[in-house]
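# Topology and contacts: notes
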Amino acid sequence: MLQHSKGNKPLVSMPQLVFPGPPSGTNSECDRTPPSRRVSLSAPLSQPLCQPEKRGPQAAQEVCYVAAGQPGEACGWWAFAPACLQAFNTPRGFLLFLCAASFLQGMTVNGFINTIITSIERRYDLHSYQSGLIASSYDMAACLCLTFVGYFGGQGHKPRWLGWGVLLMGAGSLVFALPHFTAGRYEVQVDEVVGTCWANHSSTCRDGASGLSSYRLVFMLGQFLHGMGATPLYTLGVTYLDENVKSSYSPVYIATFYTAAILGPAAGYLVGGALLNIYTDISQQTELTTESPLWVGAWWIGFLGTGAAAFLVAVPILGYPRQLPGSQRYVVMRASETYQLKDSSHKVTSNPDFGKTISDLPLSIWLLLKNPTFILLCLAGATEATLIAGMSTFGPKFLESQFSLSASEAATLFGYLVVPAGGGGTFLGGFFVNKFKLRGSGIIKFCLLCTLVSLLAFFIFLMHCPGVPMAGVTAGYNGSLLPEGHLELMAACNIHCGCQPEHYSPVCGSDGLMYYSPCYAGCLEVAVSGPGGQKVYRDCSCVPQNFSSGFGHATAGKCTSTCQRKPLLLVFIFVVIVFTFLSSIPALTATLRCVCDQQRSFALGIQWIVVRTLGSIPGPIAFGWVIDKACLLWQDQCGQQGSCFVYQNSAMSWYLLIAGLGYKVLGSIFFAIACFLYKSPLGSSDGLEASLPSQSSASDNPSDLQEAPSAVQIQSDV
């Protein structure tokens, strides 16, 4: 009986591929055991493991299993491994805790961070570029760590790397919340309401340096720890799942894992938004309201919760073994699907000591660079990541401009689109790969199909909603159109009000025009609550009245859009999101199938570096630059240009169409070339899967996995 080593040492016995045919037809880059080693392993056996039966030409492969003890595969912490814990020592049990970790990561990094950026800018006197640097610190840390984590973690004890990574994420959340407890109370003076005509005060322009802005370094440290801790999740976590389940079910497990990562940001937006309705100093009373521009919510509470939860999730992950019981049976199936390179590099990767020292790192990178399928999949992933990062950042801004929504309404609507479309598309991608038994080039063809469908759906950006006319920006105060780029905020009706452009607070006049502020609308009376809870300004000299007595009125907020194309735009945006995420898990599965076992974790690390460097990091910058080209009205901060207030909807749609089509076409080209260059694997993976009918059903049963055989031998009759 073949024995396993205990502890953290690699398994001595590995599944063997034995092909009695010519050596040139059997050796591949990923053949991990040389012939001499195969002989030595089988020599102590007194008789063959099984005798293959000849059933004709179609019976080319025989699969035989031998049960063996697995003392090194118990779930526990060092010597403490009680029997009650072994019920979780299955792929499903590990998936449960891994999903919890990815959920917390998405909730913290992609949910809470995006929700509270404005609050910490206001609280700690940060500029936009400083908050942008805080957000990008996560990707910077990930890029720095991916190579080493993927390289050394792939050869090490993956669950322990994952557990320590989750602990780092928890520490990062606690560090991120630290400034709230060290910066003192938030003290702000509540000024009288300004904005109406004659009551508008001049704003004082000052550039005083605040010591609070130095807390950006603490925030960056927290984000850096987040990035370091999350690095093992999407490299080692994916490969650990793939190594311990049947190859046909691997996409479903990975899709479930990524779906949890997508649902995390949705929860982060909901919980973070609710916490921002609580004042930041929860024990202190304030006269501020949530509508006040000086309001700062309790942004820090969510980070304390996710930090504590991360510590709890890390404990069970640290207890998992190097390999789950029964994982040996799946090595042969993965090997049969692995991309074959027709060179002598198999002599390098077949060395059992390859990849365990830093001296092998350059050669490992070179072997991946020689794999054209891997390179093309990385580039295709970068194009998709650019679109996902850009649209997730500026999608709410697009909806806000097109449909004349408030920022909170646009974010909520975009969340309703992304959660079912992104989560559903991610899960369905893995489900379809399993349902249709896609292998090798078939997976890449599926990715190409999804990319082409989303490319066609992108043509919906040829349509746009007409912008609401704004007095002094797109229309004159008499309703006439203004030339593009010609601003006339001052008019005879408001010239006596002394309005300041720093006070931007749009109102909707009773004439259907939108005005820059109540002051620029010439409103005299202080706002009162209207029937719908909105503020209504009376006696507005710039708003014409339908009847003879008095001036018109204006309601706080933007005018409601009457765009009839809103449902069609939302449907096609939903389609774009669904088919973009639909290809994510199949593309990841194809990446795992085009490299050999020893380089899987390292390959995912390199792929994430390429995706982040060429996609996630520059994506928001590129889309932001494109969208800024459509700006009509910029914020005036004491003579300096701030953020954009009003966009030209038609130009925004056209620019997004050009950018989206460009990246989608590039992605389609990369997928098409990868499909063309993908070599047929040695033997038929479908034939191997067909020869295992009994395991197809057993592999889903956790109890069966615990009793799975530990040695596999395939004998081919030539």
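Per an unreviewed UniProt entry, the protein carries the name Solute carrier organic anion transporter family member and comes from Moschus moschiferus. Note on the protein: under the UniProt heading Sequence similarities (unreviewed entry), the record states "Belongs to the organo anion transporter (TC 2.A.60) family." One UniProt comment on the protein, placed under Subcellular location (unreviewed entry), says "Cell membrane".

## Focus: the overall build of the protein
In terms of regular secondary structure, the protein is built from 22 helices and ten strands. A burial count over the protein gives 53% of its 718 residues as buried. When contacts within the protein are restricted to residue pairs at least 6 apart in sequence, those whose partners lie at least 24 apart make up 78%. In the structure as shown, the protein presents an accessible area of about 31,800 Å², 63% of it carried by carbon and sulfur atoms.

## Some points on the side chain of Gln599
The residue Gln599 is located in the loop between helix H16 (584-593) and helix H17 (600-616) in this model. A polar contact is formed between the side chain of Gln599 and the backbone oxygen of Ser364, at a distance of 3.0 Å.

## Quick word on the state of the cysteines
Summed over all chains, the structure comprises five disulfides. One disulfide in the model links Cys499 with Cys519; its S-S distance is 2.0 Å. Classification of the bridge connecting Cys499 and Cys519 rests on its S-S torsion, roughly -90°, and on that basis the disulfide is left-handed. Taken as a pair, Cys499 in the loop between helix H14 (441-457) and strand E3 (507-509) and Cys519 in the loop between strand E4 (514-515) and strand E5 (528-529) lie far apart in primary sequence, 20 residues in all. For Cys499, a relative accessible area of 10% corresponds to the buried category. Note that Cys508 is cross-linked by a disulfide to Cys559, the S-S spacing being 2.1 Å.

## Points about the nonpolar core
Counting residues in each nonpolar core, the largest one holds 44 residues, and the members touching the most others are Phe94, Leu233, Val238, Phe257, Tyr258 and Ile317. The element best represented in this core is helix H2 (residues 91-123), accounting for eight residues. Those residues within four positions of Tyr258 in sequence are excluded, and the remaining contacts are Tyr234, Val238, Thr426, Ile585, Leu588 and Trp608. Counting 39 residues, the second largest nonpolar core, distinct from the first, contains Ile577, Phe581, Ala630 and Cys644.

## Observations regarding the pattern of salt bridges
One pass over the structure, following the stated rule, counts five salt bridges. A salt bridge links Arg612 to Asp139, with the shortest nitrogen-to-oxygen separation between them at 2.4 Å. One end of the pair, Arg612, is in helix H17; the other, Asp139, is in helix H3 (residues 128-155), with 473 residues separating them in the sequence. Across this residue pair, the class does not change: Arg612 and Asp139 are buried. Linking Glu384 and Lys664 is a salt bridge whose minimum nitrogen-to-oxygen distance equals 3.1 Å.

## Some points on the packing of H2 against helix H5 (residues 216-230)
It is at 11 Å that the axes of H2 and H5 come closest, and there the two elements cross at 165°. Comparing their axes, H5 and H2 come out roughly antiparallel. H5 is crossed by H2, and the crossing has left-handed handedness. On H5, the residues that touch Gln105, Thr108, Val109, Ile113 and Ile120 of H2 are Phe219, Gln223, His226 and Ala230. Here the contact of H2 with H5 is built from residues that sort into five nonpolar, four polar and no charged.

## So, the environment of Leu324
Mapping Leu324 onto the fold places it in the loop between helix H8 (301-318) and helix H9 (331-337). Overall, the relative accessible area of 2% leaves Leu324 in the buried class. Separated by 79 residues in sequence, Leu324 and Val245 have C-alpha atoms that sit 9.1 Å apart.

## Observations concerning the packing of H2 against helix H4 (residues 158-182)
H4 packs onto H2 with a crossing angle of 25° between their chain directions and a minimal axis gap of 11 Å. The pairing of H2 with H4 is recorded here as roughly parallel in orientation. The two elements H2 and H4 cross, and the hand of that crossing is left-handed. On the side of H2, the interface is formed by Phe94, Leu98, Ala101, Gln105, Thr108, Ile113, Ile116 and Ile120, while H4 contributes Leu162, Val166, Met169, Ser173 and Phe176. For the contact of H2 with H4, the per-class residue count stands at ten nonpolar, three polar and no charged.

## Here's the deal with the packing of aromatic side chains
If you walk through the whole model with that rule in mind, you get 26 aromatic pairs. When the ring of Tyr516 is compared with that of Tyr520, the centres are 5.2 Å apart and the planes differ by 75°; the resulting orientation is edge-to-face. Between Lys566 and the ring centre of Phe403, over which it is positioned, the NZ or CZ distance is 5.4 Å.

## A look at helix H6 (residues 236-243)
Among the eight residues of H6, eight are classified as buried, and the element is accordingly described as predominantly covered. Every buried residue of H6 is listed here: Leu236, Gly237, Val238, Thr239, Tyr240, Leu241, Asp242 and Glu243.

## Observations regarding the environment of Leu98
Residue position: Leu98 is located in helix H2. Assessed through its relative accessible area of 0%, Leu98 is described here as buried. Linking Leu98 and Thr256, residues 158 residues apart in sequence, is a C-alpha distance of 9.9 Å.

## With respect to the environment of Phe398
Summarising the element assignment, Phe398 is placed in helix H12 (residues 372-403). In this structure the C-alpha to C-alpha distance between Phe398 and Asn649, which are 251 residues apart in sequence, comes to 8.4 Å. Here Phe398 is in contact with Phe461, Ile573, Met652, Ser653 and Leu656, once residues within four sequence places are set aside.

## Considering the confidence of the model for the protein
When pLDDT is averaged along the protein, the result is 75, and 71% of the positions lie at 70 or above. Taken element by element, the protein is modelled with least confidence in strand E10 (residues 711-716), mean pLDDT 33, and with most confidence in H14, mean pLDDT 94. When the criterion is pLDDT under 50, residues 340-344 qualifies, and its contacts beyond four places in sequence or with other chains add up to eight contacts. In this model residues 680-718 is a low-confidence stretch, pLDDT under 50, and it forms 112 contacts with partners more than four residues away in sequence or in other chains.

## With respect to unusual backbone geometry
The backbone phi angle of Lys437 is positive, close to 55°, even though this residue is not glycine. Turning to its location among the elements, Lys437 is positioned in the loop between helix H13 (407-435) and H14. Owing to a relative accessible area of 40%, Lys437 belongs among the partly exposed residues under this scheme. The phi angle at Asp539 is positive, at roughly 50°, despite the residue not being glycine. Mapping Asp539 onto the fold places it in strand E6 (residues 535-540).

Rules of the game
Residues numbered from 1 in each chain as written. Predicted model: local features only at pLDDT ≥ 70, side-chain atom pairs only at ≥ 80, totals over all residues. Heavy atoms only, no water. UniProt positions renumbered as here; feature names shortened; annotations may be inferred. Helix = DSSP H or I, 4+ residues; strand = E, 2+ residues; numbered from the N terminus. Buried < 20%, exposed > 50% of the residue type's maximum accessible area, 1.4 Å probe, protein only. Contact = heavy atoms within 4.5 Å. Areas by Shrake-Rupley, 256 points an atom, 1.4 Å probe, with all protein chains shown as cover. Polar contact = N/O pair within 3.5 Å; in protein donor to acceptor, adjacent residues only side chain to side chain. Disulfide = S-S within 2.5 Å. Core = buried A, V, L, I, M, F, W, Y, C linked by side-chain atoms within 4.5 Å. Salt bridge = Lys/Arg side-chain N within 4 Å of Asp/Glu carboxyl O. Axes fitted to C-alpha atoms, helices over the stretch in contact; angles between N-to-C directions. Parallel < 35°, antiparallel > 145°, perpendicular 65-115°, else oblique. Left-handed = near helix turned anticlockwise from the far one by under 90°. Nonpolar A, V, L, I, M, F, W, Y, C, P; charged D, E, K, R; others polar. Phe/Tyr/Trp six-rings, centres within 6.5 Å; stacked < 30°, edge-to-face > 60°. Lys NZ or Arg CZ within 6 Å of the ring centre and 35° of its normal. pLDDT = per-residue confidence, 0-100.

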